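Structural overview
The primary structure of each chain is shown beneath.
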Amino acid sequence: MSFVSRGFRGRRTADVDPARVPPGQYVTRDFPVLSAGPTPHTSLELWDFSIVGELDEPRGWTWEEFRALPSEEITRDIHCVTKWSKLDTVWQGVSVDTLLEGIETAAEYVTQYSDGGYTTNLPLEDVTGGKAWVVFAYDGEPLAPEHGGPARMLVPHHYFWKSAKWVRGLQLQSTDEPGFWETNGYHNYGDPWQEQRYQGD
Ligand SMILES: Nc1nc2c(c(=O)[nH]1)N[C@H]1C(S)=C(S)[C@@H](COP(=O)(O)O)O[C@H]1N2
Ligand SMILES: [Mo]
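Residues numbered from 1 in each chain as written. Chains lettered and ligands numbered in written order. Predicted model: local features only at pLDDT ≥ 70, side-chain atom pairs only at ≥ 80, totals over all residues. Heavy atoms only, no water.

1. Re the overall build of the chain
Along the backbone of the chain there are 3 helices and 11 strands. Helices and strands appear in the chain in the N-to-C order α-β-β-β-α-β-β-α-β-β-β-β-β-β. Scaling as 2.2 N^0.38, a compact globule of 201 residues should have a C-alpha radius of gyration of about 17 Å, and the chain matches this with 17 Å. Considered along the principal axes of its C-alpha atoms, the chain spans approximately 65 × 40 × 30 Å. (Helix = DSSP H or I, 4+ residues; strand = E, 2+ residues; numbered from the N terminus. Rg over C-alpha atoms; globule rule 2.2 N^0.38 Å.)

Okay, here's the thing in structure tokens:
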């Protein structure tokens, strides 16, 4: 009977505090995969993470160096522009603040760039101040390749396309440069609470 299995299916939208769900979104227990291209497979020996652009000296970490940085557990709700939201997702990662420590820059914008060529842009202030992480684990397990492993961005206060999978670095920029989806009709800023899905929203 459906009322028996309901408990096993977990939380329904009806059980969720509506204040947590941005306009036009529904809550799912699934974790859909959304990728514009094939999943890249970069070995950890070849993987590095870089900060480039408007700074005196570019910075870089090998996988080993990156994993030696202080990391934290992050529990956040995520919101995809295709209208699913997933509540209380649990990640482990390094704060972007940690990566930018000691860097002086006049840049006001940042482009996340990834293996496979995906990019996405944001004002620098949207990835600093405890708002964004480079995450390497989900739900206590190494991040699965289809979800962006070995490491992806997590910028949960924006639609999830602003969280680049397979991220390899941050480019600090003095000018704003629209990324992959932003040049293909998506909103430049992508605030789910303002329902900024597409250009003109
Ligand atoms: N490199 C890369 N990052 C990406 C994407 C992509 O196609 N390539 N898709 C974005 C979109 S539209 C969403 S909704 C999320 C999906 O992440 P998931 O597949 O782990 O659910 O990744 C974002 N980051
Ligand atoms: Mo998305």
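Next comes the rest of the write-up.
2. Let's talk about the pairing of strand E4 (residues 72-79)
On a regular strand, one side chain projects to one face of the sheet and the next to the other, so that they alternate. Alignment of E4 against strand E5 (residues 84-95), held across 7 bridges, turns out to be antiparallel. Along E5, the bridge assignment pairs Ile-74 with Trp-91. (Pairing = 2+ DSSP bridges.)

3. Quick word on the site of ligand 1
Neighbouring ligand 1 are 20 residues, the closest being Pro-32, Ala-36, His-147, Arg-152 and Lys-165. One of the backbone N or O atoms of Ser-163 is found 2.9 Å from a nitrogen atom in ligand 1. One nitrogen or oxygen atom from the side chain of Lys-165 is found 2.6 Å from an oxygen atom belonging to ligand 1. Contact with the protein chains removes 97% of the 530 Å² of surface that ligand 1 exposes when unbound. (Near = heavy atom within 4 Å. Polar contact = N/O pair within 3.5 Å; in protein donor to acceptor, adjacent residues only side chain to side chain. Areas by Shrake-Rupley, 256 points an atom, 1.4 Å probe, with all protein chains shown as cover.)

4. A look at the sheet that holds strand E6 (residues 109-114)
In a beta sheet, neighbouring strands are held together by backbone hydrogen bonds and run either parallel or antiparallel to one another. Overall, mixed pairing links the 5 strands, which are arranged E3-E2-E11-E6-E7 in an open sheet. Each edge of the open sheet carries a strand with a single partner, namely strand E3 (59-62) and strand E7 (119-123). The average angle at which neighbouring strand axes cross in this sheet is 15°, direction not considered. Inspection of the sheet shows strand E2 (residues 48-53) paired to strand E11 (residues 167-173) by 4 bridges, in the parallel sense. Looking at the pairing, Ser-50 lines up with Gly-169 of E11. (Axes fitted to C-alpha atoms, helices over the stretch in contact; angles between N-to-C directions.)

5. Regarding the environment of Gly-53
Examined against the element boundaries, Gly-53 turns out to sit in strand E2. Classification of Gly-53 as partly exposed rests on a relative accessible area of 43%. Residues Gly-53 and Ser-174, spaced 121 residues apart in sequence, show a C-alpha to C-alpha distance of 9.0 Å. Leave out the neighbours within four places in its chain, and Gly-53 touches Gln-171 and Leu-172. (Buried < 20%, exposed > 50% of the residue type's maximum accessible area, 1.4 Å probe, protein only. Contact = heavy atoms within 4.5 Å.)

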